[in-house]
Amino acid sequence: MTRSERSPLLLAGLLATAGVAHFATPRPFDATIPRGLPGKPRAWTYASGAAELALAAGLALPRTRKAAALATAAFFVGVFPANVKMAADWRHRPTPQKAAAFGRLPLQVPLVLWARGVARNAEGRS
């Protein structure tokens, strides 16, 4: 299996793991939900987890890979405010936790680019 064939499956695995984590341990995710969103944080946590699982499934199937990869890129952009909130909330925590929270912010860029690359490599395939 080539690197370009593994890439969408690795991205799918990342999303599936995150999606399962949203359901298995929702409380830490609830805390990252921006207060300005309507409804309860738990509903957003579960919706985000379900979206990650759906995106993972779409990435795993060649027929739906391109659309799922583009949706994944948009998803990574859409969850950025939650990562910003987490970094702001954790600014007074011990240095390792603070570093992890702030370190997540620039990681969104390669995740978006990874998803876009998966979409680009899926073009023309059925």
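Procedures and definitions
- Residues numbered from 1 in each chain as written.
- Predicted model: local features only at pLDDT ≥ 70, side-chain atom pairs only at ≥ 80, totals over all residues.
- Heavy atoms only, no water.
- UniProt positions renumbered as here; feature names shortened; annotations may be inferred.
- Salt bridge = Lys/Arg side-chain N within 4 Å of Asp/Glu carboxyl O.
- Helix = DSSP H or I, 4+ residues; strand = E, 2+ residues; numbered from the N terminus.
- Buried < 20%, exposed > 50% of the residue type's maximum accessible area, 1.4 Å probe, protein only.
- Core = buried A, V, L, I, M, F, W, Y, C linked by side-chain atoms within 4.5 Å.
- Contact = heavy atoms within 4.5 Å.
- Phe/Tyr/Trp six-rings, centres within 6.5 Å; stacked < 30°, edge-to-face > 60°.
- Lys NZ or Arg CZ within 6 Å of the ring centre and 35° of its normal.
- Axes fitted to C-alpha atoms, helices over the stretch in contact; angles between N-to-C directions.
- Parallel < 35°, antiparallel > 145°, perpendicular 65-115°, else oblique.
- Left-handed = near helix turned anticlockwise from the far one by under 90°.
- Nonpolar A, V, L, I, M, F, W, Y, C, P; charged D, E, K, R; others polar.

- The name given to the chain in an unreviewed UniProt entry is DoxX family protein, with Streptomyces massasporeus as the source organism.
- The UniProt entry for the chain carries the following comment under Subcellular location (unreviewed entry): "Membrane".

### Some points on the pattern of salt bridges
Then step 1. Overall, the coordinates contain two salt bridges when judged by the stated rule.
Then step 2. Residues D30 and R42 are paired through a salt bridge, measuring 2.6 Å at the closest nitrogen-oxygen approach. In this pair, D30 sits in helix α2 (residues 26–30) while R42 sits in helix α3 (residues 41–60), placing the two residues 12 residues apart along the sequence.
Then step 3. Using a relative accessible area of 14% as the deciding quantity, one classes D30 as buried.
Then step 4. Between D89 and K85 there is a salt bridge, and its shortest N-O distance comes to 2.5 Å. With D89 and K85 both in helix α5 (residues 80–89), this residue pair falls four residues apart, about one helical turn.

### Section: the nonpolar core
Then step 1. Within the largest apolar cluster, 16 residues are counted, with the highest numbers of intra-cluster contacts made by L11, L15, L59, A69, F76, A115 and V118.
Then step 2. Those elements that provide at least two residues to this core are α1 (3–24), α3, α4 (65–78) and α6 (95–122).
Then step 3. Ignoring sequence-local partners within four residues, the contact set of L15 consists of E52, L55, A56, L59, T72 and F76.

### Re the packing of aromatic side chains
Then step 1. Overall, the coordinates contain two aromatic pairs when judged by the stated rule.
Then step 2. When the centroid spacing of 5.1 Å and the interplanar angle of 5 degrees are considered together, the rings of F23 and Y46 count as stacked. Here F23, found in helix α1, pairs with Y46, found in helix α3; they are 23 residues apart in sequence, far enough to count as distant.
Then step 3. Over the aromatic face of W90 sits the side chain of R93, whose NZ or CZ is 4.1 Å from the ring centroid.

### With respect to the packing of α1 against α4
Then step 1. At a minimum axis separation of 12 Å, α1 and α4 run at an interaxial angle of 50 degrees. On the basis of the axis angle, α1 is oblique to α4. In this structure, α1 crosses over α4, and the sense of that crossing is left-handed. Residues P8, L9, L11 and L15 of α1 pack against R65, T72 and F76 of α4.
Then step 2. Considering only residue class, the contact of α1 with α4 consists of five nonpolar, one polar and one charged.

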